[in-house]
Amino acid sequence: MDLSNYLKKYDTLVFSAIGFYLIYLYTRYSGIGISPDSIMYTSAARSFSGHGTLTTFNNSPIVDFPVFYPLFLGVITFITRIDPIVAAPILNGLLFATVIYLCGWLMQRFNNANYVYKWLMLIAIVLSPSLLQIYTYLWSETLFILLSLVFIIAYKRYLVKHNTTTLLIVAFIAALSTITRYAGVTIIGTGGLLLLLDRNLILKKKIIHIIIYSVTAVSLLVLNLLRNALLAKTITGPREPSITSFSKNVYYLGTVLCDWLNISEDHYYLAMPLAIIILAGITGLFIYHNLTRKTDSYEHIILTFTVLYAFFMVISATFSRFQQLDTRLLAPLFIPLLWSCTWWCNKAIKKLRFNKFKSVAAWSAFALLLLIFSYNQLYADIDRYDSESDYGVPGYTDDTWNKSPFVNFLKYNTNIYKPGVPIYSNAYEAVYFASGVQAKLLPHQFFTNKIAKFYAVKHYYLVWFNNYTNPELIDLKDILKRQKLVKLYEFKDGAVYEY
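Residues numbered from 1 in each chain as written. Predicted model: local features only at pLDDT ≥ 70, side-chain atom pairs only at ≥ 80, totals over all residues. Heavy atoms only, no water.

Enquirer: An account of the pairing of strand E5 (residues 461-465) is requested, with residue identities and associated values reported.
Expert: Burial within E5 is extensive, with five of its five residues counted as buried. Of the two faces of E5, the one lined by Tyr 461, Val 463 and Phe 465 and the one lined by Leu 462 and Trp 464 are each fully buried. As paired strands, strand E3 (residues 423-425) and E5 are joined by three bridges and run parallel to one another. Note that in E5 the partner of Tyr 424 across the bridge is Leu 462. As judged from the five bridges shared by E5 and strand E7 (residues 494-498), these two strands associate in the antiparallel manner. Looking at E7, one finds that Leu 462 is bridged to Tyr 497. (Buried < 20%, exposed > 50% of the residue type's maximum accessible area, 1.4 Å probe, protein only. Helix = DSSP H or I, 4+ residues; strand = E, 2+ residues; numbered from the N terminus. Pairing = 2+ DSSP bridges.)

Enquirer: Go over the sheet that holds E3 with me, naming the residues and quoting the values.
Expert: Spatially, the five strands line up as an open sheet ordered E4-E3-E5-E7-E6, and their pairing is mixed. Both edges of this open sheet fall to strand E4 (440-441) and strand E6 (486-491), since each of them pairs with a single strand only. Sheet analysis places E3 next to E4, joined by two bridges and oriented parallel. Considered in E4, the bridge of Tyr 424 is made with Lys 440. Against the sheet, helix H19 (residues 405-412) makes contact with E5, E6 and E7, and its axis sits at roughly 145° relative to E5, the strand it touches most. (Contact = heavy atoms within 4.5 Å. Axes fitted to C-alpha atoms, helices over the stretch in contact; angles between N-to-C directions.)

Enquirer: Report on helix H10 (residues 203-232), specifying residues and quantitative values.
Expert: Spanning 30 residues, H10 covers 42 Å between terminal C-alpha atoms, matching the ideal 44 Å at 1.5 Å per step. Considering bend angle alone, the principal kink of H10 is centred on Ser 219 and spans about 40°. Among the residues of H10, those classed as buried are Lys 206, His 209, Tyr 213, Ala 217, Leu 221, Asn 224, Arg 227 and Asn 228. In the core, the buried residues of H10 are packed alongside helix H7 (141-161), helix H8 (164-178) and helix H9 (185-196). (Expected span 1.5 Å × (residues − 1). Bend = angle between axes of the 7 residues up to and from the residue.)

Enquirer: Residues and numbers for the side chain of Ser 425, please.
Expert: With respect to the helices, strands and loops of the structure, Ser 425 is situated in strand E3. In terms of polar contacts, Ser 425 uses its side chain to reach the backbone amide nitrogen of Ala 427, at 3.0 Å. The contact partners of Ser 425, leaving out residues within four places of it in the chain, are Val 431, Lys 440, Leu 441, Leu 442, Leu 462, Val 463 and Phe 465. (Polar contact = N/O pair within 3.5 Å; in protein donor to acceptor, adjacent residues only side chain to side chain.)

Enquirer: Explain unusual backbone geometry residue by residue, including any values.
Expert: A negative phi angle is the norm for most residues apart from glycine, just as the trans form is the norm for most peptide bonds. Within the chain, Asn 59 stands out as a residue other than glycine whose phi angle is a positive 65°. Along the chain, the position of Asn 59 falls in the loop between helix H2 (36-51) and helix H3 (68-80). The exposure class assigned to Asn 59 is exposed, which follows from its relative accessible area of 56%. Unusually for a residue other than glycine, Lys 233 sits at a positive phi of about 60°. Secondary-structure assignment places Lys 233 in the loop between H10 and strand E1 (240-241). By relative accessible area, Lys 233 is classed as exposed at 73%.

Right under this line is the structure:
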């Protein structure tokens, strides 16, 4: 076997193995990172594995999140008999390794593909603090990113064959993505837009394929939303209107881009112009591709998804209230945006091949910029590892949690509550995670009717965590102004009250 074939077969596996090892490295101290969302996924997965239902720890069907990720965890739990939290470091390591492998596989099939570009990109992907953060937590983005890559591969196959079978495969992958994250509608939109602009389809066939694709792609999402409406009388859980403007969300997108480029918070004044330049650049490139009919490549599929995902996240955050746009929400954008901002440079440099000096100089400059980018990533990764290697991934498995006197008190004193008396908390998932006890979340300040119902309760317990306050909820101070709570147990990081 010559060197070229050897590298083609095994180089990406090396990067995949490194990615797997990095996830192991970050999670070996105290396990996978756990956030409130992670506990929702975990409890629903346990419910499915044990009882065949997708019920969360508060005995309600999971509706705030789509069903496929907890279902995925539940199936793995049922087969392996290993709890999702225990299995997660290995599972996430395998998912990350698979993502890296697919990235390498895709880049080998780019126009003007070469090993220098591929290796530079793989280094950047493997060392990405954004991706390493995602894959060290029990989050649905770990699966969604993988599905987005599988969609790109499947759609390219459809472009080659243009038959119903490949179209249905594409549509099914898009459907799965929507019940993994609701942002999967961007993948549906990517396929729909590509079909609409496909010049190789005659009008009649195009209309038929758009109908087939649309019906199939939205089918699982519609079923998911119908299930939610029937079981919980809401399609995606309680949603509040946004309090951030479009321009503010563009700014938040820019701050994430600054973080990816290792630009410090002191220079966040660059966030808005950087976001505008990126959004305008990828949009202009997308338009250019369609005007010049360069729409049958992997790169164009990637570019289309990049444009739709970036604008969807900014626009949806403008109309619906959820957490501020951050690395987690925008992580599925990292790989396609990295490609969209670099593959055309690779092509441009290729045109200089008749001038050896210019070609070498351009490649050297391009490689140097990417290596500097990767070095900054590595520096951030090392800094994170130094802070977490003897502390744990921040969340419900780090030492703040594991060594908390209050948490350990809750864990070993589950009989302190009188039967039948409701328990409320500012972090009800934390009560469950610590002790397995079911609690209710304090009402959001936005929902005044729920606040009134809470204050009408005659007898309840309040488990208050000092380190997990949520400004969206009514505060302990607000409650104390209206009701006289009896403090039963107090610790430095929390207390149990009775009313």
